[in-house]
Protein chains: 2
Amino acid sequence: MAAAKSAQSEAGPRKRRPRDSLSRAVILAAAEQIALRDGLEGLTFGALGTELQAHSTSIYRHFRDKDELVLELIDALRAKSYGDQLVSTGDWREDLRLIATAIHEHYLRYPGFAQQMAARTTRRPTEFHNVEFALDAMRRAGLEDEDATLCVRVFGNHVRAVSAMEASLRMLDDEARTMDELAWTVEYRQLSAEEFPNISRTSDKLLTVGDPRLFSEGVEMFLDSIELRAKRAKAARRKRS
Amino acid sequence: MAAAKSAQSEAGPRKRRPRDSLSRAVILAAAEQIALRDGLEGLTFGALGTELQAHSTSIYRHFRDKDELVLELIDALRAKSYGDQLVSTGDWREDLRLIATAIHEHYLRYPGFAQQMAARTTRRPTEFHNVEFALDAMRRAGLEDEDATLCVRVFGNHVRAVSAMEASLRMLDDEARTMDELAWTVEYRQLSAEEFPNISRTSDKLLTVGDPRLFSEGVEMFLDSIELRAKRAKAARRKRS
DNA sequence: TACCTATAGTCAATGTCGTTGACTTCATGG
DNA sequence: CCATGAAGTCAACGACATTGACTATAGGTA
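The model shown is predicted, which means the values in this text are computed figures rather than measured ones.

Cut-offs applied
- Residues numbered from 1 in each chain as written.
- Chains lettered and ligands numbered in written order.
- Predicted model: local features only at pLDDT ≥ 70, side-chain atom pairs only at ≥ 80, totals over all residues.
- Heavy atoms only, no water.
- Least-squares fit on C-alpha atoms with pLDDT ≥ 70 in both.
- Contact = heavy atoms within 4.5 Å.
- Near = heavy atom within 4 Å.
- Polar contact = N/O pair within 3.5 Å; in protein donor to acceptor, adjacent residues only side chain to side chain.
- Helix = DSSP H or I, 4+ residues; strand = E, 2+ residues; numbered from the N terminus.
- Buried < 20%, exposed > 50% of the residue type's maximum accessible area, 1.4 Å probe, protein only.
- Core = buried A, V, L, I, M, F, W, Y, C linked by side-chain atoms within 4.5 Å.
- Axes fitted to C-alpha atoms, helices over the stretch in contact; angles between N-to-C directions.
- Left-handed = near helix turned anticlockwise from the far one by under 90°.
- Nonpolar A, V, L, I, M, F, W, Y, C, P; charged D, E, K, R; others polar.
- Expected span 1.5 Å × (residues − 1).
- Disulfide = S-S within 2.5 Å.
- pLDDT = per-residue confidence, 0-100.

Draft legend 1. Fine view of the relation of the copies chain B and chain A. Screw-axis analysis of chain B against chain A gives a translation of 0.1 Å along the axis, an RMSD of 0.3 Å, and a rotation angle of 180°. This pairing of chains is accounted for by a two-fold axis. The fraction of interface residues of chain B whose copies in chain A are also interface residues reaches 98%, indicating that both copies meet through the same surface.

Set out below in structure tokens:
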């Protein structure tokens, strides 16, 4: 109730931040701290202000709006997380597993950003590098350029979309998640055998939603499918010549 | 400036809604109208109040909070959209295409709900029916129960996740979407051929993010992969006996 | 050195949300 | 015919992003 006007914990006439002590880099670092600690929903201008010991609206001197800040943050996190890990092993299957795993783990590390990371194109070095890396693996698998560009997109969409969905599962409140998981181990076993014969027969084998095997098996199925396409292309080439 | 206190467009002392004229069903119908017209972001309690000609907070007499309302709405839309369309053709590939297409189209029809529809388990008849339908197709494809349950999940996750991602693309403001699409037709063609040889070579063949071929090709790749698994299982059975 | 000015940080205010608690109305049934 | 409580209303709250007016200050210029 004394003199302290704003939410400064200690007394004293809260001082103004020194000039030029804020910058995009400083703000992004603070944003990363908050995102790691509280998730994306905790990343508000208010929280940023507290973290920076600055007024929340000072951020508008450096970013046009929150969207611009979030996009920059996504790119920074991506570069830091797997920007330097993508080194070819020489084995195309292993390389595609590598990039899929890197993206999957990255999304699960920042589940609050997963949705935006999956859907948007950042057109930044990290993204270019990913595409180049995957295209090269596809070529070594034996795909023609047409198939390679198609498969890069289909495979990339799969990896990003499924990772984002898994991530969004982890963002649910405990109550909702528990209910959802329970459904697959309880409710599906109680369905009538006449109406749902296949579910009844296999109900003890049904996987729960977040089962870790799902992602890796999905990747393997794509790899098989790519190999099949390469064989077909090879056969077509032989026939033509 | 006259007597009208609230935002009623016409004069007159806005009347109270007759007792018991609201119900979950009435509110859900209004919510669907708004969702169709303005998308999920337009579905606010304020908008619901206007649509119903009722006070926004009256809704709390029928739904605990907004989340409960949204989940109910998702289920209603799903049942209406493809609850009765899933009739087997006898051809397992065609059946899996059928359910994939139904889900894909449904998600694109309600892009604002796609994220929530993809991630959450509703454990309602429509969902049970989908699983049963897909399991049956897998069995007819020749998969053992272990593989069938796995593939149902992997395939289902793929379809829902990719559809949700495509849907979320359509939710971006025009500005962001235009920029993102332009990237694939312009910026990727300007990358240096030394640093990104594969991109340079294939840049005229790169598909744009929302290309309709991507979804159907992804489905076909999965179908090929499922067929391959079935063949392997058959071979293993023959060997064993 | 003393002043100017562009810029960075601050602050108060606005508008949009979801949600709450205190009201008012009114159909029912004792 | 009044008491009860459920259904609709309303004002207010707190969180949020964003805006425009302000104020202090670093760096250049006279």
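Picking up after the structure, the text goes on.
Draft legend 2. Quick look at the protein's contact with DNA strand D. As a matter of local geometry, DNA strand D sits amid 22 residues, with Lys66 of chain A together with His55, Thr57, Arg61 and His62 of chain B nearest to it. In the model, a phosphate oxygen of DNA strand D is placed 3.0 Å from a nitrogen or oxygen of the Arg17 of chain B main chain. At 3.5 Å from a phosphate oxygen of DNA strand D is found a main-chain nitrogen or oxygen belonging to Ser21 of chain B.

Draft legend 3. Main features of unusual backbone geometry. All names here are of chain A. One non-glycine residue with positive phi stands out, namely Gln53, at about 55°. With respect to the helices, strands and loops of the structure, Gln53 is situated in the loop between helix H2 (45–52) and helix H3 (66–82). By relative accessible area, Gln53 is classed as exposed at 58%.

Draft legend 4. Summary view of the nonpolar core. Formed by 150 residues in total, the largest nonpolar core has its most connected members in Leu48, Leu96 and Phe113 of chain A together with Leu48 and Phe113 of chain B. Not counting chain neighbours up to four residues away, the residues in contact with Leu48 of chain A comprise Ile27, Ala30, Ala31, Ile34, Leu43, Ile59 and Leu69 of chain A.

Draft legend 5. Fine view of the packing of helix H4 (residues 92–109) of chain B against helix H10 (residues 212–240) of chain B. Residues and elements named next belong to chain B. Viewed as axis vectors pointing N to C, H4 and H10 meet at an angle of 145°, and their least axial separation amounts to 11 Å. By crossing handedness, the relation of H4 to H10 is classed as right-handed. Across the interface between the two elements, Trp92, Arg93, Leu96, Arg97, Ala100 and His104 from H4 touch Phe215, Val219, Glu220, Leu223, Asp224, Ile226 and Glu227 from H10. Within the contact of H4 with H10, the residues separate by chemical class into 7 nonpolar, 1 polar and 5 charged.

Draft legend 6. Spotlight on helix H7 (residues 145–170) of chain B. Taking 1.5 Å per residue, 26 residues should reach 38 Å; H7 of chain B reaches 38 Å between its end C-alpha atoms and fits that length. Among the 26 residues that make up H7 of chain B, 23 are buried, leaving the element largely enclosed by the rest of the structure.

Draft legend 7. Region of interest: the state of the cysteines. Taken as a whole, this structure holds 0 disulfides over all chains when the rule is applied. Cys151 of chain B provides the cysteine sulfur closest to Cys151 of chain A, a residue in no disulfide bond, and the two sulfurs are 18 Å apart. Using a relative accessible area of 1% as the deciding quantity, one classes Cys151 of chain B as buried.

Draft legend 8. The arrangement of the protein's contact with DNA strand C in detail. Around DNA strand C, the surrounding shell holds 24 residues, and the nearest of these are Arg19, Thr57, Arg61 and His62 of chain A together with Lys66 of chain B. By atom count, sugar and phosphate contribute 57% of the portion of DNA strand C lying within 4 Å of the protein. Backbone polar atom of Asp20 of chain A to a sugar or linking oxygen of DNA strand C: 3.5 Å apart, as the coordinates give it. Contacts to DNA strand C include Leu22 of chain A, whose backbone N or O atom sits 3.0 Å from a phosphate oxygen. Here the surface near DNA strand C is built from residues that sort into 6 nonpolar, 7 polar and 11 charged.

Draft legend 9. Molecular detail of the environment of Lys239 of chain A. All names here are of chain A. The residue Lys239 is located in helix H10 (residues 212–240) in this model. Residue classification places Lys239 among the exposed residues on the basis of a relative accessible area of 75%. Along the sequence, Lys239 and Thr101 sit 138 residues apart, while their C-alpha atoms lie 37 Å from each other.

Draft legend 10. Highlighting the confidence of the model for chain A. Residue and element names in this part refer to chain A. Of all residues in chain A, 90% have pLDDT values of 70 or greater, and the mean over the chain is 85. Summarising per-element confidence for chain A, the mean pLDDT is lowest in helix H8 (residues 174–185) (67) and highest in helix H4 (residues 92–109) (95). Note that pLDDT drops below 50 for residues 1–13; the model gives that stretch 4 contacts with residues more than four away or on any other chain.

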